[in-house]
Amino acid sequence: GTELMRGKRGLIMGLANDKSIAWGIAKACAGAGADLAFSYQGDALKKRVDPLAAQLGSDMVLPCDVGDESSIDALFDGLKARWDRLDFVVHAIGFSDKSELRGRYVDTSRANFAMSMDISVYSFTAVMQRAEKMMTEGGAALTLTYYGAEQVMPHYNVMGVAKAALEASVRYMAEDLGKDGIRVNAISAGPIKTLAASGIGDFRYILKWNELNSPLRRNVTIDDVGGSALYLLSDLGSAVTGEVHHVDAGYHVVGMKAVDAPDI
Ligand code: NAD
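These notes cover the structure that comes with them. Nothing here was measured: the structure is a model prediction, and the numbers come from that model. Counting starts from 1 at the beginning of each chain's written sequence and moves along it residue by residue. Where totals are concerned, whole chains, interfaces and linings use all residues; where local detail is concerned, this predicted model gives features only for residues with pLDDT of at least 70, and gives and counts side-chain atom pairs only at 80 or more. Note that water and hydrogens are dropped before the side-chain values are worked out from all heavy atoms of the structure.

1. Here's the deal with the pattern of salt bridges
Argument step 1. For this document, the term salt bridge refers to a Lys or Arg side-chain nitrogen within 4 Å of an Asp or Glu carboxyl oxygen. By the definition in use, this model includes 16 salt bridges.
Argument step 2. The partner of D223 in a salt bridge is K27, and the shortest N-O contact between them spans 3.1 Å. Taken together, the residues D223 in helix α7 (residues 222-233) and K27 in helix α1 (residues 21-31) connect sequence positions 196 residues apart.
Argument step 3. Members of the salt-bridge network, linked through shared partners, are E69, D73 and R130. Secondary structure elements follow DSSP: runs of H or I no shorter than four residues count as helices, runs of E no shorter than two count as strands, and numbering proceeds from the N terminus.

2. Let's talk about the sheet that holds strand β4 (residues 88-91)
Argument step 1. Two strands qualify as a pair provided DSSP detects at least 2 bridges between them. Read across the sheet, 7 strands follow the order β3-β2-β1-β4-β5-β6-β7 without closing on themselves; strand pairing throughout is parallel. Either end of the sheet is taken by a strand with one partner, and the two such strands are β3 (61-63) and β7 (244-247). Each strand axis lies, on average, 20 degrees off the axis of its neighbour in the sheet, ignoring direction.
Argument step 2. Across 4 bridges, β4 lies against strand β5 (residues 139-145) in parallel orientation. Pairing of F88 across the sheet is with A140, part of β5.
Argument step 3. When checking whether two residues touch, look at their non-hydrogen atoms; a contact exists if any pair is within 4.5 Å. Here an angle of 0 to 180 degrees is reported between the N-to-C directions of two axes, which are lines fitted to C-alpha atoms, with helices fitted over the stretch in contact. Where α1 meets the sheet, it contacts β1 (9-13), β2 (35-40), β4, β5 and β6 (182-189), and its direction lies at approximately 165 degrees from that of β2.
Argument step 4. Packed onto the sheet, helix α5 (residues 157-178) meets β5, β6 and β7 and runs at close to 160 degrees relative to β6.

3. Things to note about the nonpolar core
Argument step 1. The biggest cluster of nonpolar side chains holds 41 residues, and the ones touching the most others in it are I25, L36, F88, I187, V225 and L233.
Argument step 2. It is α1 that contributes the most residues to this core, 8 residues altogether.
Argument step 3. Beyond its immediate chain neighbours, meaning those up to four positions away, I187 contacts L142, T143, L144, T145, V225, S228, A229, L232, H245 and V247.
Argument step 4. Membership of the second largest hydrophobic core comes to 35 residues, among which are L62, I72, L86 and A131. Throughout this description, the term nonpolar core refers to a set of buried Ala, Val, Leu, Ile, Met, Phe, Trp, Tyr and Cys residues connected via side-chain atoms within 4.5 Å. Note on classification: 1.4 Å probe, protein chains only; a residue is buried when its accessible area is under 20% of the maximum for its type, exposed when over 50%, partly exposed between these limits.

4. With respect to the site of the ligand
Argument step 1. For this description, a residue counts as near a given molecule or strand if any of its non-hydrogen atoms is within 4 Å of it. Not every one of the 28 residues close to the ligand is listed here, only the nearest: G14, S20, I21, I192 and T194.
Argument step 2. Polar contact is defined as a pair of N or O atoms within 3.5 Å, subject to the rule that within protein one atom must be able to donate a hydrogen and the other to accept it, and that residues adjacent in sequence are counted only when both atoms are side-chain atoms. Measuring from an oxygen atom of the ligand, one finds a backbone N or O atom of I21 at 2.9 Å.
Argument step 3. We get accessible surface area from the Shrake-Rupley algorithm with a probe of 1.4 Å; when it comes to residues, only the shown protein chains can shield them. Protein coverage of the free-state accessible area of the ligand, which is 810 Å², stands at 93%.

5. Quick look at the pairing of β5
Argument step 1. Burial analysis of β5 places 7 of its 7 residues in the buried class, which makes it a mostly covered element.
Argument step 2. Burial of the side chains of β5 extends over both faces: G139, A141, T143 and T145 are buried on one face and A140, L142 and L144 on the other.
Argument step 3. Remark: the β4/helix α4 (residues 110-134)/β5 crossover connection has right-handed handedness.
Argument step 4. Examined bridge by bridge, β5 and β6 share 7 bridges and lie parallel to one another. Pairing of A141 across the sheet is with V184, part of β6.
Argument step 5. Crossover connection from β5 via α5 to parallel β6: handedness right-handed. Handedness of a crossover is defined as follows: with both strands directed away from the viewer, a clockwise route from the first strand across the helix to the second makes it right-handed.

In structure tokens:
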């Protein structure tokens, strides 16, 4: 690996298993020399996250349910006990009731709308309120979004509305925190088969569609996302903030794909 992140300390939130986008990002950052801490949701995930963290040389594995303010405070107390400074944060967390990730958006319940916004949008802001105080030498934050924020995608429904709000929150926090040298960006990743994605209706069809219709004619991997995350989180991205960067094999630029045959 490179020395790009040597001496930098980062918090990775949202690692569930080795299919997680957070894992692709963590591998890229650790490979470039970063020291990492991980947060996980709920006891059941601890036994999965502990060995993955150990693989990257980290024994800082802390619980955090982002739906609970006191749990976020406890996470940052745990970080402060070991680190006097934080350089970067990765927020790879989203949640919605999967019974509403099919059918029509218009049928979304008030309760699931509020919960999806709370866990998938506000949690990034809540985390940055704490992270800001530890980023005494500037820093970088990254969240994960999806094209369903910009255009209607099948079954994405309330998560599309939540991701649109998340992308707007990236821009507002970029302005608020920019004066202190803290950059805030998002990666809009193409579809990847993860635990969270398996809750979305017809996900296999969405994957196939992206493979056939993206300019690169393939799907993206968690390592593709990791490489782009490394750029945004390291000094390579030192003048980039408020950005929603697509790592989607180019899918978002296509209005209509040409027929590959010479004449129709
Ligand atoms: P994943 O299931 O591996 O990760 C989702 C994580 O969110 C899990 O670790 C889960 O524990 C965590 N989480 C959910 N509720 C939480 C809570 N209350 N407190 C703390 N953690 C909580 O799936 P993933 O696909 O790697 O998802 C990571 C991010 O990437 C999500 O924001 C997702 O929307 C986004 N994303 C995914 C895709 C895709 O196709 N997989 C595409 C674009 C964006």
